[in-house]
Amino acid sequence: MLLPLFASKVAAGFASPADDYIETSLDLNQYLIKHPAATFFLRVEGNSMLGAGIHDGDTLVVDRSLEARSGKVVIAAVNGELTVKRLHIGQQQRVTLLAENPDYPNIPIRDGMDFVIWGVVTNVIHPV
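Predicted model, so just to flag it, every value in this text is computed and none were measured. (Residues numbered from 1 in each chain as written. Predicted model: local features only at pLDDT ≥ 70, side-chain atom pairs only at ≥ 80, totals over all residues. Heavy atoms only, no water.)

Trainee: An account of the pattern of salt bridges is needed here, citing residue identities and associated values.
Mentor: Under the counting rule described, the total for this entry stands at one salt bridge. Note that E100 and R86 form a salt bridge whose closest N and O atoms lie 2.5 Å from each other. Of this pair, E100 sits in the loop between strand 7 (95-98) and strand 8 (107-108) while R86 sits in strand 6 (residues 81-89); the two residues are 14 residues apart in sequence, bridging distant segments of the chain. Classification of R86 as partly exposed rests on a relative accessible area of 23%. (Salt bridge = Lys/Arg side-chain N within 4 Å of Asp/Glu carboxyl O. Helix = DSSP H or I, 4+ residues; strand = E, 2+ residues; numbered from the N terminus. Buried < 20%, exposed > 50% of the residue type's maximum accessible area, 1.4 Å probe, protein only.)

Here it is as structure tokens:
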């Protein structure tokens, strides 16, 4: 579904006069999904990622085809439970899943843990 994309920007500080000029149409699928066959959506439950702009009830766009590099927000399965955290790969390739809220603990990945990265979060959709 194509929706209008206006050429004028909206001020987040001081108001500016708006143009009524439509630049083009915007397909949200093309904007949010780069690899359709490798993309899925998840709904967030909890507040461990508030510092990354991810809130309880948000919808995440996740791309399985992207490389999960240190610093990326990822969906991981740890001992059979899904979580969204920031991936940190430290010295000697030690992996830690970092919470973005000081009220929640980080998750160090240790030998013997069942750990799989499902994909990289590319976009967050949340209501205002």
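Don't stop here, the text continues.
Trainee: If you had to explain the pairing of strand 4 (residues 59-63) to someone new, which residues and values would you point to?
Mentor: The element strand 4 is largely enclosed, with a buried count of five among its five residues. Alternating residues of strand 4 divide into T59, V61 and D63 and L60 and V62, and every residue in both groups is buried. Bridge count for strand 3 (residues 39-43) against strand 4 is five bridges, and the pairing is antiparallel. Bridge assignment links F41 to a residue of strand 4, and that residue is V61. With five bridges connecting them, strand 4 and strand 9 (residues 115-125) associate as antiparallel partners. What sits directly across from V62, in strand 9, is V121. (Pairing = 2+ DSSP bridges.)

Trainee: How would you sum up the nonpolar core? Please name residues and give values.
Mentor: Listed in full, the ten residues of the largest apolar core are F40, V44, M49, I54, L60, V62, V73, I75, V84 and V121. When residues of this core are traced back to their parent elements, those giving at least two are strand 4 and strand 5 (73-78). Apart from the residues within four sequence positions on either side, I75 is in contact with L42, L60, V62, L82, T83, V84, V116, I117, W118, G119 and V121. Formed by eight residues, the second largest nonpolar core is a distinct cluster that contains V78, V95, L97 and I109. (Core = buried A, V, L, I, M, F, W, Y, C linked by side-chain atoms within 4.5 Å. Contact = heavy atoms within 4.5 Å.)

Trainee: Hey, could you go over the pairing of strand 9 for me, with residue numbers and the actual values?
Mentor: One ladder, built from five bridges, connects strand 5 with strand 9; its direction is antiparallel. Residue pairing for strand 9: V74 is matched across the bridge by V120.

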